[in-house]
Amino acid sequence: MLSRLEAIARATTEKWEGEVLELNGEPDHMHLLLELTPRTAPSAFVNNLKTVTSRLIRKEFGEHLQQYYWRKPVFWSRSYCIITVGGAPLSVLKQYIEQQEAPE
């Protein structure tokens, strides 16, 4: 499922004229290092990314996901965190994301 999420995220980001530089996931969240154009409103991008990934993942993995839903089939929570990193070295950011524990 994580590899499918990555493919969808990369395709969606490309449509927004951006690039996924690094991606990793944990059982309950994902880390993405993105390069987006200055014209891109981060909140609009995240909303679109969550909508697209949710729709496709629920369609493709619906039976597996059914056991994790409480009431409604909601794939993502409404929250997200965006941190700009204009001065941090890219290598440090990539290393941080790579070191996050991926689900087995």
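Here, the structure is the one placed above.
Here is a short report on the structure shown in this document. Model, not experiment: these values are computed from the prediction.

## Points about the nonpolar core
Grouped burial of nonpolar side chains is what soluble globular proteins tend to show. With 14 residues, the main nonpolar core has Leu5, Leu23, Ile57, Leu65 and Phe75 as its most contacted residues. Looking at this core, the elements that each hand over two or more residues are helix 1 (2-15), strand 1 (19-26) and helix 2 (42-65). The element contributing the most residues to this core is helix 2, with 6 residues. Non-local contacts of Ile57, meaning those with residues more than four positions away in its chain, are made with Met1, Arg4, Leu5, Ile8, Gly62, Leu65 and Phe75.

## Description of helix 1
For helix 1, built from 14 residues, the straight-helix expectation of 20 Å at 1.5 Å per residue is met to within 8% by its first-to-last C-alpha distance of 20 Å. Against strand 1, strand 2 (29-35) and helix 2 lie the buried residues of helix 1. Within two residues after helix 1, Glu17 carries a phi angle of roughly 60 degrees, on the positive side.

## A word on the side chain of Thr40
Here Thr40 is to be found in the loop between strand 2 and helix 2. Accessibility expressed as a relative area gives 11% for Thr40, which makes it buried. Separated by 2.9 Å, the side chains of Thr40 and Thr37 make a polar contact. Those residues in contact with Thr40 that lie beyond four places of it in its chain are Trp16 and Phe45.

Basis of the calculations
- Residues numbered from 1 in each chain as written.
- Predicted model: local features only at pLDDT ≥ 70, side-chain atom pairs only at ≥ 80, totals over all residues.
- Heavy atoms only, no water.
- Core = buried A, V, L, I, M, F, W, Y, C linked by side-chain atoms within 4.5 Å.
- Buried < 20%, exposed > 50% of the residue type's maximum accessible area, 1.4 Å probe, protein only.
- Helix = DSSP H or I, 4+ residues; strand = E, 2+ residues; numbered from the N terminus.
- Contact = heavy atoms within 4.5 Å.
- Expected span 1.5 Å × (residues − 1).
- Polar contact = N/O pair within 3.5 Å; in protein donor to acceptor, adjacent residues only side chain to side chain.

Function cannot be read off these values alone, since they describe shape.
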